[in-house]
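Coordinate analysis (summary)
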Amino acid sequence: MPEPHVTVEPLACDLAMQLRAVRDTRDKELSTAFLAPAVDVTTLSCVGPSHRASSVRIKLRIAHIIIMYDDYVDSAAIVDPTLVRALLQIPHRLLAVGGFKSEAQRPEAFVQNTWLDVLDEMARLPKYTDLLPLLEFDITQLHQAFRFAQALRTVPGAAHPKQNLRWLSHDFGFVLAGMVDLMASPEFDLAELGRARELFSQAQRVARLHNDLTSLEKEIAEGDPSNEVIIRARKLETEPTRGGVAFQQVEADLGGEERRLEKVAARLQSFDGLHYVAGVRELLDIQARYYAEALTRLSKTC
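These remarks concern the structure in this document.

1. Thoughts on the overall build of the protein
For the protein, the helix and strand inventory stands at 13 helices and zero strands. Going residue by residue from the N terminus, the α and β elements of the protein occur as α-α-α-α-α-α-α-α-α-α-α-α-α. With respect to the three principal axes, the spread of C-alpha positions in the protein is 50 × 45 × 35 Å. For the protein, the share of sequence-separated contacts (at least 6 apart) that also reach a separation of at least 24 residues comes to 73%.

Structural data, given as structure tokens:
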């Protein structure tokens, strides 16, 4: 029997307001119509009922941190490598020596305050101590995706489909989110940890390619150098149009990654892997609707 959905709209609204205080171009719907339901529907079936709400809250906060990182890496109008470097150091410093909240309305304050909330609530999860040794590694993997995206802006020749998928997919944070769920799962068998992490890694590959397809127009407008359709179109010396050759290549790759995701999911014993895959598909549908509605709103203002 599926777990009931967790209501986190008040937190989503609060995080949206904090984001807008730093970047007033961010709309509330990103938080309430996309991120909040997305982190809920992908919650693992093994998460303890008494810990489900906590896990969803943690993942929602991490999702908003990722949005903040993404703004200063991928949006050409506000790219700021120095700021990104400072933002990426924050969680590692907090894990090492701790820190305090700030009232300032700056990107650094938002990221530090949100990571403090994440780490505080995470520490109360039943398997936190067991999985803590991997936490900083997974945060580093997330950060490496943004560093690689930054590098592609200045060295576009480094782009390559396999390498892009390996590194850039981490900016979706599915491995980190999955580990939060496992921390919240007192009955999870740690002997299956490697297979579970393979599932999360494969899911974020699927999400990455799906995002590159659904958000193509938005990322062209923002000058995002890490979109796979844009990268392939440049190498093919063609336009990155919806339905074009590059677009079709990425669609084909997405189909292959989706099939691999199902195979990995079917091997899980400690939780329902196929239930997770269904949640990932629901997340992708939510994302596609959000981008379609955002594009419609944008076209009405032009």
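2. Notes on the side chain of Gln112
Along the chain, Gln112 turns up in helix α5 (residues 107-122). Take Gln112: its relative accessible area is 15%, and that puts it in the buried class. Within polar-contact distance, the side chain of Gln112 engages the side chain of Arg93 at 2.8 Å. With residues up to four places along the chain from it excluded, the contact list for Gln112 reads Ile90, Arg93, Leu94, Gly99 and Phe100.

3. Overview of the packing of helix α4 (residues 81-97) against α5
Two packed helices can be described by the angle between their axes and the distance between those axes. Viewed as axis vectors pointing N to C, α4 and α5 meet at an angle of 25 degrees, and their least axial separation amounts to 10 Å. Taken together, the axes of α4 and α5 lie roughly parallel to each other. Classified by chirality, the crossing of α5 by α4 is right-handed. The segment α4 lies against α5, with Leu83, Leu87, Ile90, Pro91, Arg93, Leu94 and Leu95 engaging Pro107, Glu108, Val111, Gln112, Trp115, Leu116 and Leu119. Considered class by class, the residues forming the contact of α4 with α5 number 11 nonpolar, one polar and two charged.

4. Side note on the nonpolar core
Counting 95 residues, the largest nonpolar core has Leu60, Tyr69, Val111, Trp115, Met122, Leu182 and Phe271 as the members making the most contacts within it. If one sorts the elements of this core by residue count, helix α3 (residues 52-74) sits on top with 12 residues. If sequence neighbours within four positions are ignored, Leu60 has contacts with Val8, Leu11, Ala12, Leu15, Leu35, Ala36 and Val39.

5. A short note on the packing of aromatic side chains
The final tally for this structure, using the stated rule, is seven aromatic pairs. For the ring pair Tyr69 and Phe146, a centre distance of 5.4 Å and an interplane angle of 70 degrees mean the geometry is edge-to-face. Here Tyr69 is found in helix α3, whereas its partner Phe146 is found in helix α6 (residues 128-154), with 77 residues between them in sequence. Taking the relative accessible area as the measure of exposure, Tyr69 reaches 1% and is therefore buried. Taken together through their ring pairs, the aromatic side chains of Phe188, Phe200, Phe271 and Tyr276 make up a single cluster.

6. Focus: unusual backbone geometry
Unlike most non-glycine residues, Glu237 shows phi in positive territory, near 55 degrees. Residue position: Glu237 is located in the loop between α11 (228-236) and α12 (245-266).

7. Quick notes on the environment of Thr7
If you trace the backbone, Thr7 turns up in the segment before α1 (9-22). With 159 residues separating them along the chain, Thr7 and Arg166 place their C-alpha atoms 33 Å apart.

8. Side note on α11
Residues Glu228, Val229, Ile230, Ile231, Arg232 and Ala233 constitute the buried set of α11. Near the N-terminus of α11, the side chain that reaches the backbone nitrogen of Val229, with its oxygen 2.8 Å away, is that of Asn227. Backbone geometry just downstream of α11 places Glu237 in the positive-phi region, at approximately 55 degrees.

9. Structural notes on the environment of Ala77
For Ala77, the position within the fold is in the loop between α3 and α4. Distance in space between the C-alpha atoms of Ala77 and Gly223 is 8.2 Å, their sequence separation being 146 residues.

10. Focus on α6
Between its first and last C-alpha atoms α6 spans 39 Å; for 27 residues at 1.5 Å apiece the expected length is 39 Å, and the two agree. Along its length, α6 shows its largest kink, about 45 degrees, at Leu134.

Conventions and cut-offs
- Position numbers for residues start from 1 in each chain and track the written sequence from start to end.
- For a predicted model such as this one, the threshold for reporting local features is a pLDDT of at least 70, and the threshold for listing and counting side-chain atom pairs is 80 or more; totals across whole chains, interfaces and linings nevertheless cover every residue.
- Side-chain numbers here rest on the full set of heavy atoms in the structure, without hydrogens or water.
- Put simply, DSSP marks the helices as runs of H or I at least four residues long and the strands as runs of E at least two long, and each gets a number from the N terminus on.
- The contact criterion used is simple: two residues touch if any of their non-hydrogen atoms lie within 4.5 Å.
- A 1.4 Å probe rolled over the protein chains alone gives each residue an accessible area, and that area as a share of the maximum for its type sets the label: buried under 20%, exposed over 50%, partly exposed in between.
- For this analysis, a polar contact is any N or O atom pair within 3.5 Å, provided that within protein one partner can donate a hydrogen and the other can accept it, and provided that sequence-adjacent residues contribute only side-chain to side-chain pairs.
- To define axes, lines are fitted to C-alpha atoms, for helices over the stretch in contact only, and angles between the resulting N-to-C directions are given on a 0 to 180 degree scale.
- Angle categories are assigned with fixed cut-offs, so that under 35 degrees is roughly parallel, over 145 is roughly antiparallel, 65 to 115 is roughly perpendicular, and the rest are oblique.
- Helix crossings are classified by the rotation of the near helix relative to the far one: an anticlockwise turn of less than a right angle makes the crossing left-handed, while a clockwise turn makes it right-handed.
- Ten residue types, Ala, Val, Leu, Ile, Met, Phe, Trp, Tyr, Cys and Pro, are classed as nonpolar, four, Asp, Glu, Lys and Arg, as charged, and the remainder, Gly among them, as polar.
- Throughout this description, the term nonpolar core refers to a set of buried Ala, Val, Leu, Ile, Met, Phe, Trp, Tyr and Cys residues connected via side-chain atoms within 4.5 Å.
- Classification of ring pairs uses Phe, Tyr and Trp, with its six-membered ring standing for Trp, and accepts pairs whose centres are within 6.5 Å; under 30 degrees between planes counts as stacked, over 60 as edge-to-face, and the remaining range as tilted.
- One less than the residue count of a helix, multiplied by 1.5 Å, gives the span that helix is expected to have.
- Note that bend, as reported per residue, equals the angle between axes fitted to the 7 residues terminating at that residue and the 7 residues originating from it.

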